[in-house]
Amino acid sequence: MNVSRRKVLATASAAPFIASFGYHAAAAAPALKKAAVEKLRSSLQGRLYLPESADYPRINRGDGVAPVDGKHPALIVQPMNAQDISRAIIFAREAGLPIGVRSGGHDALGASTTVDGLQIDLALMNGVEIFATNGTGHIQTGARSGVLNAAAQKHDLAAALGMMGHVGIGGVTLGGGIGWLCGRDGATVDNLLAAEVVTADGKVLTTSAEENPDLFWAIRGGGGNFGVASNFTFRLRKVGTVLGGTVAFKTDAAKFMRFFGDYLKASPDHLDTALILVPGGRVAVRVCWSGDVEEGERILRPLRNYATPLADAIKVMPYEGFIEAPTAAPMYGNHHTRSGALGLLNDKVIPTLARLADSAPEGVGTIGLMHYMHGAMCRVDQNATPFIRQEGNILYAATTSWEGPVHPEDKKTWVQKTYEEIRKVARAQTYINYLSEDDEKWVRNAYGPHYAKLQKLKRTYDPTNVFRGNRNIRV
Ligand SMILES: Cc1cc2nc3c(=O)[nH]c(=O)nc-3n(C[C@H](O)[C@H](O)[C@H](O)COP(=O)(O)OP(=O)(O)OC[C@H]3O[C@@H](n4cnc5c(N)ncnc54)[C@H](O)[C@@H]3O)c2cc1C
């Protein structure tokens, strides 16, 4: 999330079997029957890894940014298709194993990785297909979200995805999805036309406005609570060039935020921004103007002329050149973030943000005001999906990253403390993909009036809460 760092996924007792693998599951974990595991393996088109496999640590780690250290699934299945996912779910249920589902592995709390359970790692399901003639794109849910736009851009098309191409298409879509085109084209879920979902009973269902519409409603913001999504169909929109890039200032951060709060309030649909507060009185704003260039120059002028910039790299460029490549993140496993919803940039929050941003030791972390909810995403009927949109709501993230295997506790501590301070002045109601808490109180808050309907649908599609490695909707 750091724009300045842009350079910035059989129960029965069988102890002897487990020991023979050199794997010691936690006492509570049910043992696995070798024959059942081998039967599952031979039924899959994809792959299955047990802890004694040489590849297990690498596959378990994945290449997302989520914290998976210390989490050791009893087995990992990398499915090739929905049928493999179905077999894995049925196996796990018969074996009494919890299930983890991982797409891009960016969950801030590491919720997508299971401990002692069956890990469904969607990494092999990363295909994408663009249908330029009808403006749609199909993507398998183990792909990085940016893969879709990289392929769509060959036809001057794009989907309204999140800002970072390396985030998994699975998590970002199921949570809602806010990015560089949300003012113009809506949230990611607003552009989802259909999905294939494998439910807790192993059924493979097609969901859309016409087929299984209640499930389609639930997955457009309800996270991974209702099943494993195996592929998505998106509406693509015309996006050729954009006026985009970053402008940076050395300034009084509080004063700048007062200006920026007003500037955001006047944001036309075609403008989306992210502000990074860097210690030492530096601010960087990344902008994406996706409309007429002349109008964009005019709209961006007050921002670019705020003061003499330290740097101004805003220019007309192909959208492909503006968006981050899906493999661009240099921070796999080396990233720590806590985030939430701020509400408006007002006198309640500005002094806190300015103080915290400035008190960060150089190189430790940054605070980002990542998304401003406005435009098309806020004109969608509030009941059309479970994703709550609040005009003018700003989403924040306190973030740190590092290189190398050693986890710097001071950086993580800074992020946690900063988050706790911001939370005191922030909103309790938070966009689910930015919710850095997993207890029920927070999840209820996030879904507000939709929670009861989500619970009802959870009882229909997942009555025993098989899918709970998420911001869980309790049954
Ligand atoms: C660096 C960074 C940048 C971000 N930028 C943005 C942004 O610009 N816009 C935005 O809206 N959000 C953003 N986010 C938040 C992001 O959307 C969420 O963290 C999202 O859940 C991550 O998805 P993932 O597939 O990578 O993660 P994962 O850890 O793989 O999954 C996240 C959750 O979704 C579930 N899940 C994933 N795939 C499936 C599936 N196919 N079926 C069922 N359940 C599934 C997992 O079980 C888990 O509960 C960002 C997060 C990070 C860390």
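Below you will find a few notes about this structure. (Residues numbered from 1 in each chain as written. Predicted model: local features only at pLDDT ≥ 70, side-chain atom pairs only at ≥ 80, totals over all residues.)

### What about the overall build of the protein chain?
Here is step 1 of the chain: What the protein chain contains, in helices and strands, is 16 helices and 19 strands.
Here is step 2 of the chain: Over its C-alpha trace the protein chain gives a radius of gyration of 22 Å, about what one expects of a compact globule, namely 23 Å for 475 residues.
Here is step 3 of the chain: Taking the principal axes of its C-alpha atoms as reference, the protein chain extends roughly 70 × 50 × 40 Å.
Here is step 4 of the chain: Across the 475 residues that make up the protein chain, the buried fraction comes to 52%. (Helix = DSSP H or I, 4+ residues; strand = E, 2+ residues; numbered from the N terminus. Rg over C-alpha atoms; globule rule 2.2 N^0.38 Å. Buried ≥ 20, exposed ≤ 12 C-beta atoms within 10 Å, placed from the backbone.)

### Details of the site of the ligand
Here is step 1 of the chain: Contacts to the ligand come from 38 residues, most closely from Gly104, Gly168, Gly170, Gly171 and Gly224.
Here is step 2 of the chain: Mapped onto the shell around the ligand, the elements with two or more residues apiece are strand E3 (99–102), helix H6 (169–175) and strand E10 (228–235).
Here is step 3 of the chain: The leading source of residues in the shell around the ligand is H6, at five residues.
Here is step 4 of the chain: Class assignment of the residues belonging to the shell around the ligand gives a composition of 16 nonpolar, 20 polar and two charged.
Here is step 5 of the chain: Counting the residues that make up the shell around the ligand, at least three belong to each of domain 1 (9–124) and domain 2 (128–238). (Near = placed C-beta within 6 Å. Nonpolar A, V, L, I, M, F, W, Y, C, P; charged D, E, K, R; others polar. Domains from an automatic or database assignment.)

### Thoughts on the sheet that holds strand E2 (residues 75–78)
Here is step 1 of the chain: Taking strand neighbours across the sheet as the criterion, the four strands line up as E1-E2-E4-E3 in an open arrangement whose pairing is mixed. In the strand order of this sheet, the two ends are held by strand E1 (47–49) and E3, each with one partner. Neighbour-to-neighbour, the strand axes of this sheet turn through a mean angle of 20°, independent of strand direction.
Here is step 2 of the chain: Bridge count for E1 against E2 is three bridges, and the pairing is antiparallel. By the bridge assignment for E2, Leu48 is matched with Val77.
Here is step 3 of the chain: Here helix H4 (residues 82–95) sits on the sheet in contact with E2, E3 and strand E4 (118–121), set at roughly 170° to E4. (Pairing = 2+ DSSP bridges. Axes fitted to C-alpha atoms, helices over the stretch in contact; angles between N-to-C directions. Contact = placed C-beta atoms within 7 Å.)

### A closer look at the sheet that holds strand E5 (residues 128–131)
Here is step 1 of the chain: Here five strands make up an open sheet; going across it, the order is E5-E6-E10-E8-E9 and the pairing antiparallel. What marks the edges here is a single partner per strand, and that holds for E5 and strand E9 (204–208). Direction aside, the axes of adjacent strands within the sheet are offset by 15° on average.
Here is step 2 of the chain: In the sheet, strand E8 (residues 192–198) pairs with E10 via six bridges, with the strands oriented antiparallel. Note that in E10 the partner of Leu192 across the bridge is Phe234.
Here is step 3 of the chain: Strands E8, E9 and E10 of the sheet are contacted by H4, whose axis makes an angle of about 40° with E8.

### Some words on helix H15 (residues 440–447)
Note: α-helices contain 3.6 residues per turn, so residues at a spacing of three or four share the same orientation.
Here is step 1 of the chain: The complete set of buried residues in H15 reads Val443, Ala446 and Tyr447. For H15, the buried positions fall inside an angular range of 90° around the axis, keeping them on one side.
Here is step 2 of the chain: Structurally, H15 contributes buried residues whose contacts are with helix H16 (451–461).
Here is step 3 of the chain: In the segment just after H15, Gly448 is the residue with positive phi, at about 45°. (Arc of directions from axis to C-beta.)

### Considerations on the nonpolar core
Here is step 1 of the chain: In this structure, Leu118, Ile120, Ile219, Leu277, Val283, Leu353 and Tyr396 are the most contacted members of the largest nonpolar core, which totals 131 residues.
Here is step 2 of the chain: The element best represented in this core is H4, accounting for seven residues.
Here is step 3 of the chain: Setting aside residues up to four positions removed in sequence, Leu277 forms contacts with Ala253, Val283, Leu353, Ala357, Thr366 and Ile367. (Core = buried A, V, L, I, M, F, W, Y, C linked by C-beta atoms within 7 Å.)

### Notes on unusual backbone geometry
Here is step 1 of the chain: We note that Asp156 has phi near 55°; this positive angle belongs to a residue other than glycine.
Here is step 2 of the chain: As for its position among the elements, Asp156 is in the loop between helix H5 (145–152) and strand E7 (157–158).
Here is step 3 of the chain: Phi at Asn212 takes a positive value of approximately 45°, unusual for a residue other than glycine.
Here is step 4 of the chain: Its location among the elements puts Asn212 in the loop between E9 and helix H8 (213–219).

### Some thoughts on the pairing of strand E12 (residues 241–250)
Here is step 1 of the chain: Relative to strand E16 (residues 315–318), E12 runs antiparallel, the two sharing four bridges. Looking across to E16, one finds that Val242 is bridged to Met317.
Here is step 2 of the chain: Judged from the eight bridges that link them, E12 and strand E14 (residues 282–289) form a sheet pairing that is antiparallel. In the strand pairing of E14, Ala248 is matched with Ala284.
Here is step 3 of the chain: Two elements, E12 and strand E15 (residues 311–312), share two bridges in a ladder whose sense is antiparallel. In the strand pairing of E15, Ala248 is matched with Ala311.

### Notes on the packing of helix H9 (residues 253–265) against helix H12 (residues 350–359)
When two helices pack together, their arrangement is given by the angle between the helix axes and the distance between those axes.
Here is step 1 of the chain: Running from N to C, H9 and H12 point in directions that differ by 135°, and their axes come no closer than 9 Å. Taken as axis vectors, H9 and H12 run oblique relative to one another. Here H9 and H12 pass one another in a crossing that is right-handed. In this structure, H9 uses Ala253, Ala254, Met257 and Arg258 to contact H12, whose residues at the interface are Ile350, Pro351, Leu353, Ala354, Ala357 and Asp358. (Parallel < 35°, antiparallel > 145°, perpendicular 65-115°, else oblique. Left-handed = near helix turned anticlockwise from the far one by under 90°.)

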